[in-house]
Amino acid sequence: MSTNTHPGTLTVVGAGIVGLAAAIELQRAGFDVTIVDKEGVGAGASKGNAGHFATEQVFPLADPAMLPKLPGMLMDPLGPFRIQPRYFFKALPWFMRFLHNMLPSRRSHNSRAIKALNQDSIAAMKSLAEFCNCKELLTLNGSLLVFEGTPEPEVHKEYRAYADAGVEVQLLSADEVRALEPSLSTNITNALYFTHVGHTEDPYRLCLALEAKFKQLGGKVVTEELVKINSSNTDSNIRLETNASSYTTERLIIASGAWSKPFAKQLGYSVPLETERGYHLMMPQRSRLSRPVASYNRKFIITPMLEGTRLAGTVEFGGLKAPLVEARADCLFPHAKALLPELFADASVEDGERWMGFRPSMPDSLPVLGRSQKQSNVFFSFGHQHLGLTWSAITAKLLTQEVLGKQADIDLSPYRIDRFS
Ligand SMILES: Cc1cc2nc3c(=O)[nH]c(=O)nc-3n(C[C@H](O)[C@H](O)[C@H](O)COP(=O)(O)OP(=O)(O)OC[C@H]3O[C@@H](n4cnc5c(N)ncnc54)[C@H](O)[C@@H]3O)c2cc1C
């Protein structure tokens, strides 16, 4: 720590929701914080996600139940879980680790670590949104997981799985679903109602509100691409080279989402970070929904937003360079029309705006969070997979505790970067 009255300079790489939330907490803690982002604030996955503070998602993605369906799913070009054929061999090492994480012991360890982050994530986001004067961007109305004709025993099994995992959930009949959301299709036979979750009506606006507060606190945002990190294994300053300039900083946070792997490598860590590309189709029609509605059968989510209705989901392994596949965004539309027939009666897929974002995902569904063991002034916060919005405020809080050398509110060992070595 510096001997000045302030704790010193600190650079955050990445102005997604994870980097922004961390930058605010650290600036508040007294650091002189600069965010470096190659494209500007909220340009990555944080711009177009489904806006769901999804604390009901307590199960890691690596689920043995998906094994029999996996080969077919991966090869279906419009399936909810797809691998691009030319990317198959590149993704293979990640998938080997993913399979390993299906072991019951790994799965329960990972689930516990997910729950530890989920536990206070909404409270942390509420407090951050209040601090950033944007609490209107956080709605705490719960969310629905709807079923269409799924056999009752299967619905009950799903319900029990969530309830037994400690998730606040109610099982609704068809009539109860319609009482809650009258615009939903009459084909819906049941729903799970997650009462303690929330959503934002505009994830990008949330990023901008955080940026405004960060700047008001004295933080700086630099739009440049970080190329090289020159760091010794001591506490000395770190030299950063960007495409336009070079800087020194006393502390460094890597929060560049799906692009974090080469930086971890430069710092001496090989991490199995892959991107799960996800799509949205933003429809201009504004729904009467009061909460996000996910479909158990169709594997996607509908979120009511300020600018319309966002249809989001799907997982595609294809790396960071392959272009957006329009058909993967478009295929969400017929599913949404089936669930909201009146809203989309006269709509067409061409009304929608297509988007693809790069979820940063580790095979154990846990982020990389905390101090580097090789450089005491370097910290990581990336790999937040499907839950980066949900975990942004809580990981910012935990990271700040770690940077300040305080005991973190939860045990951070499950998230350490060296867990893969
Ligand atoms: C379709 C979809 C739906 C989703 N829905 C939800 C949801 O409902 N709830 C939820 O919690 N999560 C959701 N997610 C996941 C969530 O969006 C991500 O986990 C989260 O946005 C990750 O945030 P981040 O800040 O780590 O990464 P990003 O937002 O991707 O930010 C990384 C930043 O790093 C910058 N960067 C990269 N390389 C460099 C470099 N060399 N130099 C400088 N800057 C660099 C990029 O420009 C970018 O701005 C969804 C994701 C997708 C794709």
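Model, not experiment: these values are computed from the prediction.

**Looking at the overall build of the protein**
Then comes step 1: Tallying secondary structure elements over the protein gives 13 helices and 20 strands in all.
Then comes step 2: Whereas a compact globule of 421 residues would reach a radius of gyration of roughly 22 Å, the protein reaches 21 Å, a difference of no more than 12%.
Then comes step 3: Expressed as a percentage of its 421 residues, the buried residues of the protein come to 57%.
Then comes step 4: Taking the contacts inside the protein whose residues are at least 6 apart along the sequence as the reference set, 74% of them involve residues at least 24 apart.
Then comes step 5: Each charge class in the protein was averaged separately, 44 positive and 43 negative side chains, and the resulting centres sit 5 Å apart.

**Remarks on the environment of Pro292**
Then comes step 1: In this fold, Pro292 is placed in the loop between β14 (274–283) and β15 (293–295).
Then comes step 2: Sequence spacing of Pro292 and Ala212 is 80 residues, and the spatial spacing of their C-alpha atoms is 27 Å.
Then comes step 3: Residues within four places of Pro292 in sequence aside, it is in contact with His52, Gly142, Ser143, Leu144, His199, Ile301, Ile302, Thr303 and Pro304.

**A few points about the environment of Thr34**
Then comes step 1: With respect to the helices and strands, the residue Thr34 is situated in strand β2 (residues 32–36).
Then comes step 2: Excluding anything up to four places from it in sequence, Thr34 contacts Leu10, Thr11, Val12, Lys220 and Val222.

**Some thoughts on the site of the ligand**
Then comes step 1: Taken together, the neighbourhood of the ligand is formed by 35 residues, with Asp37, Ser46, His52, Gln385 and Thr390 sitting nearest.
Then comes step 2: With respect to the ligand, the backbone of His52 contributes an N or O atom lying 2.7 Å from a nitrogen atom.
Then comes step 3: Secondary-structure elements contributing two or more residues to the shell around the ligand are α1 (17–28), α2 (45–48), β14, β18 (353–361) and α13 (388–403).
Then comes step 4: For the shell around the ligand, the element with the most residues is β18, which contributes four residues.
Then comes step 5: Of the residues in the shell around the ligand, the class split is 14 nonpolar, 16 polar and five charged.

**Observations regarding the pairing of strand β7 (residues 190–194)**
Then comes step 1: Among the five residues in β7, five count as buried, and that is most of the element.
Then comes step 2: Of the two faces of β7, the one holding Asn190, Leu192 and Phe194 and the one holding Ala191 and Tyr193 are both buried throughout.
Then comes step 3: Pairing geometry for strand β5 (residues 143–147) and β7, over five bridges, is antiparallel. When the sheet's bridge partners are listed, Leu145 is paired in β7 with Leu192.
Then comes step 4: Strand direction decides the pairing type here: strand β6 (residues 169–173) and β7, joined by five bridges, are antiparallel. From the neighbouring strand, Val169 faces β7, where its bridge partner is Phe194.

**Remarks on the sheet that holds strand β19 (residues 368–371)**
Then comes step 1: Taken in spatial order, the six strands make up an open sheet running β9-β2-β1-β13-β20-β19, and their pairing is mixed. Either end of the sheet is taken by a strand with one partner, and the two such strands are β9 (220–222) and β19. Here the strands of the sheet are splayed against their neighbours by 20° on average, with no regard to which way each runs.
Then comes step 2: For strand β13 (residues 251–254) and strand β20 (residues 378–382), the ladder comprises three bridges, and the chain directions are parallel. Counterpart to Ile254 in the pairing with β20 is Phe380.
Then comes step 3: In the packing of helix α9 (residues 203–216) onto the sheet, contacts are made with β2 and β9, and the angle to β9 comes to roughly 120°.
Then comes step 4: This element, α13, spans β1 (9–13), β13, β19 and β20 of the sheet and lies at about 20° to β19.

**As for unusual backbone geometry**
Then comes step 1: Look at Lys299: it is not a glycine, yet its phi comes out positive at around 55°.
Then comes step 2: Secondary-structure assignment places Lys299 in the loop between β15 and β16 (300–305).
Then comes step 3: Given a relative accessible area of 45%, Lys299 falls into the partly exposed group.

**Notes on the side chain of Lys213**
Then comes step 1: Inspection of the secondary structure assignment puts Lys213 in helix α9.
Then comes step 2: For the buried Lys213, no salt bridge exists, and the shortest N-O distance to an oppositely charged side chain is 11 Å, to Glu25.
Then comes step 3: With near-sequence residues (within four places) excluded, Lys213 lies in contact with Ile24, Phe131, Cys132 and Asn133.

Cut-off values and rules
- Per chain, the residues get numbers from 1 upward, laid out in the order the sequence is written.
- In keeping with the predicted nature of the model, local features appear solely for residues at pLDDT of at least 70, side-chain atom pairs appear and are counted solely at 80 or more, and the whole-chain, interface and lining totals rest on all residues.
- Hydrogen atoms and water are omitted, and side-chain values are computed over all heavy atoms in the structure.
- Working definition: helices are DSSP H or I runs of at least four residues, strands are E runs of at least two. Numbering for both runs from the N terminus.
- Only C-alpha atoms enter the radius of gyration, while the globule expectation follows 2.2 Å times N to the 0.38, with N the number of residues.
- A 1.4 Å probe rolled over the protein chains alone gives each residue an accessible area, and that area as a share of the maximum for its type sets the label: buried under 20%, exposed over 50%, partly exposed in between.
- We call two residues in contact whenever any of their non-hydrogen atoms come within 4.5 Å of each other.
- Positive charges come from Lys and Arg, negative ones from Asp and Glu, while His and the chain ends are left out of the count.
- Throughout, a charge is located at the NZ atom of Lys, the CZ atom of Arg, the CG atom of Asp or the CD atom of Glu.
- Any residue with a heavy atom positioned within 4 Å of a molecule or strand is treated as near that molecule or strand.
- We define a polar contact as two N or O atoms separated by no more than 3.5 Å, with the added condition that, inside protein, one atom must be a possible hydrogen donor and the other a possible acceptor, whereas residues neighbouring each other in sequence contribute only through side-chain atom pairs.
- Put simply, Ala, Val, Leu, Ile, Met, Phe, Trp, Tyr, Cys and Pro go in the nonpolar bin, Asp, Glu, Lys and Arg in the charged bin, and everything else, Gly too, in the polar bin.
- Should DSSP find at least two bridges between two strands, the strands are regarded as paired.
- Lines are fitted to the C-alpha atoms to define the axes, a helix being fitted only along its stretch in contact, and any angle between axes, read from their N-to-C directions, falls within 0 to 180 degrees.
- For this analysis, a salt bridge means a side-chain nitrogen from Lys or Arg found within 4 Å of a carboxyl oxygen belonging to Asp or Glu.

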